[in-house]
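# Structure assessment
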2 protein chains.
Amino acid sequence: MTKPADDHSWGSTAFLLAQVGAYAAEAFRARVSRLELTPAQAGLLRMLARIPGRSQRAYATYLGMPPSRFVMMVDALEDRGVLERRRGTDDRRANELHLTPTGHRLMRELGAVARSHESDLLAALKPSEQRGLRELLVRVAEAQGLTPGAHPGYRTKPHTE
Amino acid sequence: MTKPADDHSWGSTAFLLAQVGAYAAEAFRARVSRLELTPAQAGLLRMLARIPGRSQRAYATYLGMPPSRFVMMVDALEDRGVLERRRGTDDRRANELHLTPTGHRLMRELGAVARSHESDLLAALKPSEQRGLRELLVRVAEAQGLTPGAHPGYRTKPHTE
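Each chain has its residues counted from 1, running along the sequence as written. Note on labels: chains are lettered from A, ligands numbered from 1, in written order. The model is predicted, so local features are restricted to residues of pLDDT at least 70 and side-chain atom pairs to those at 80 or more, both for listing and for counting; the totals for chains, interfaces and linings are taken over all residues. Note: side-chain values were computed over all heavy atoms of the structure, leaving out hydrogens and water.

A positive phi angle, close to 55 degrees, is found at Glu36(A), a residue other than glycine. Each helix corresponds to a stretch of at least 4 residues labelled H or I by DSSP, and each strand to a stretch of at least 2 residues labelled E; elements are numbered beginning at the N terminus. Considering the arrangement of structural elements, one finds Glu36(A) in the loop between helix H1 (13–33) and helix H2 (39–50).

Quick look at the structure:
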């Protein structure tokens, strides 16, 4: 069966979003696996770089991850020396999370990987079209009440950890 | 931790595509489950409605599904009276797949569900913007060599069956 070439064969725009989105997620997973990171770990590192020093509970809630799964992920990253738990300044019983110098170096590598992924994925679009696509996606995401930087897969899929 | 509101907090456009795509896929899964269909079954029904009468092997290859998983899916839909296997006209050993009248009725319900899903998902965008989004997604999908109508999840994820 040859690939039908007409526009209609791509299905609805909602289907296209799901299809291209799943393709993008899988391509990203393959790329960050070379840094021995899962997509959820990459998401947490990015969040720690942007908003450091919050409690474990705050990050887990924000990313929509079950606490037990989140703690396992933090344990693994702490064992690698990528992040550290520090006694809370406000609440001494709560651990605040921070990137270590190793973690900041890894973040720079991760940033380069993410930029390659983005430019390969969107190579067919001109810069103005890439901006247009982004703006439309942000509006859809906002209207649907999605949380910036929190992939729905963090919540449910063990293999994205 | 409150949701950061700046545009940058949404991450890369590639991430946004993965995030909105996963959200769209999950919303679709929830909707078609009310018709007792999985997303992959819905994808096959749509394909049978558009291009009927090909061999099981042709559909499985096109959708990128392992043959054993595909046969189980066809068995389940045949048991429900939604599709039927007919002896091949060209190759009498190959079974051709066709929707039954029940299957055509189910397809009409599925079409209505897909249209509601689409209009709810894209409610924030004007019709011209929806067309613009679609055009950009088709170009990205074509450039990446994706197969029209075949979600990558059909290939790998048991829970999408």
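The subject of this paragraph is the relation of the copies chain B and chain A. The transformation that overlays chain B on chain A combines an axial shift of 0.0 Å with a rotation of 180 degrees, and the residual RMSD is 0.0 Å. Classification of the inter-copy transformation places it as that of a two-fold axis. Relative to the rotation axis, the C-alpha of Gly21(B) is the closest in chain B, positioned 2.2 Å from it. When checking whether two residues touch, look at their non-hydrogen atoms; a contact exists if any pair is within 4.5 Å. Interface residue correspondence from chain B to chain A reaches 100%, placing this contact among same-surface, isologous pairings. Least squares is the method for superposing the copies, and the C-alpha atoms it fits come from residues with pLDDT of at least 70 in both.

As used here, the term nonpolar core means buried Ala, Val, Leu, Ile, Met, Phe, Trp, Tyr and Cys residues forming a set that is joined through side-chain atoms within 4.5 Å. Each residue's exposure class comes from its accessible area (1.4 Å probe, protein chains only) as a fraction of the maximum for that residue type: buried when under 20%, exposed when over 50%, partly exposed otherwise. In this structure, Leu17(A), Leu133(A), Leu17(B) and Leu133(B) are the most contacted members of the largest nonpolar core, which totals 32 residues. Mapped by element, the contributors of at least two residues to this core are H1 and helix H6 (127–143) of chain A together with helix H1 (13–33) and helix H6 (127–143) of chain B. In this view, Leu133(A) contacts Leu122(A), Leu125(A), Thr13(B), Leu17(B), Leu133(B), Leu136(B) and Leu137(B); residues no more than four positions away in its chain are not counted.

This part is about the interface of chain B and chain A. Contact residues are listed per partner, giving 63 residues for chain B and 63 residues for chain A. For the pair chain B and chain A, the two sides together bury roughly 6400 Å², of which 67% comes from carbon and sulfur. We count a salt bridge whenever a side-chain nitrogen from Lys or Arg sits within 4 Å of a carboxyl oxygen from Asp or Glu. The interface formed by chain B and chain A includes two salt bridges. Here Arg139(A) and Glu129(B) are joined by a salt bridge, their closest N and O atoms 2.9 Å apart. Here's the idea: put two parts together, see how much 1.4 Å probe accessible area each one loses, and the total over both is what we call buried area.

A few words now on the packing of H1(A) against H1(B). Note on geometry: axes are C-alpha line fits, over the in-contact stretch for helices, and angles between N-to-C directions span 0 to 180 degrees. For the pair H1(A) and H1(B), interaxial distance at closest approach is 7 Å and the crossing angle is 125 degrees. With respect to H1(B), the element H1(A) is oriented oblique. As for the relative orientation of H1(A) and H1(B), their crossing is left-handed in sense. Of the residues in H1(B), those in contact with Ala14(A), Leu17(A), Ala18(A), Val20(A), Gly21(A), Ala24(A) and Ala25(A) of H1(A) are Ala14(B), Leu17(B), Ala18(B), Val20(B), Gly21(B), Ala24(B) and Ala25(B). Charged residues are taken to be Asp, Glu, Lys and Arg, nonpolar residues to be Ala, Val, Leu, Ile, Met, Phe, Trp, Tyr, Cys and Pro, and polar residues to be all remaining types, Gly included. A per-class count over the contact of H1(A) with H1(B) returns twelve nonpolar, two polar and no charged. By the definition adopted for this analysis, an angle is roughly parallel if under 35 degrees, roughly antiparallel if over 145, roughly perpendicular if from 65 to 115, and oblique otherwise. For any helix crossing, the convention is left-handed if the near helix is rotated counterclockwise from the far helix by under a right angle, and right-handed if that rotation is clockwise.

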